[in-house]
Amino acid sequence: MPQYELDAVGPEAVSGRTRGRTPEEAVRRAATLADEVAVEVEADTDLHGWQTVRIDGEPAGRIRLHQRMQFRRD
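Residues numbered from 1 in each chain as written. Predicted model: local features only at pLDDT ≥ 70, side-chain atom pairs only at ≥ 80, totals over all residues. Heavy atoms only, no water.

Novice: Talk me through the sheet that holds strand β4 (residues 51–55); I want residue IDs and the actual numbers.
Specialist: Pairing is antiparallel in the open sheet, where five strands are placed in the order β2-β1-β5-β4-β3. Each having just a single partner strand, β2 (14–19) and β3 (39–41) make up the two edges of the open sheet. Neighbour-to-neighbour, the strand axes of the sheet open up by a mean angle of 25°, direction not taken into account. Packing against the sheet, helix α1 (residues 23–31) makes contact with β1 (3–9), β2, β3, β4 and β5 (58–65), and its axis sits at approximately 125° to β2. (Pairing = 2+ DSSP bridges. Helix = DSSP H or I, 4+ residues; strand = E, 2+ residues; numbered from the N terminus. Axes fitted to C-alpha atoms, helices over the stretch in contact; angles between N-to-C directions. Contact = heavy atoms within 4.5 Å.)

Written as structure tokens, this is what we have:
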């Protein structure tokens, strides 16, 4: 199951990492949202891979796929 990184998602502004089959499922799981709540993740990503999250049509943070192997140049 893929791992996602969240940034200020949902009403409680959840940040951190969570797992889910899809980005929408990861948001639901982390923000403990009911099934009736509409969760949308924009398909377009920014330069760093972040996608905007919308909960019931309102912007509510962002999400990106967490890459386990990250390389840095120091």
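Novice: Describe the pattern of salt bridges, with residues and values.
Specialist: Here the idea is simple: oppositely charged side chains can pair when their charged atoms come close. As enumerated under the stated definition, the model contains five salt bridges in all. Among the ionic pairs, Asp 7 bridges to Arg 62, the shortest N-O distance being 2.7 Å. Placement of the pair is Asp 7 in strand β1 and Arg 62 in strand β5, with a sequence separation of 55 residues. By relative accessible area, Asp 7 is classed as partly exposed at 28%. (Salt bridge = Lys/Arg side-chain N within 4 Å of Asp/Glu carboxyl O. Buried < 20%, exposed > 50% of the residue type's maximum accessible area, 1.4 Å probe, protein only.)

These figures capture arrangement, not role.
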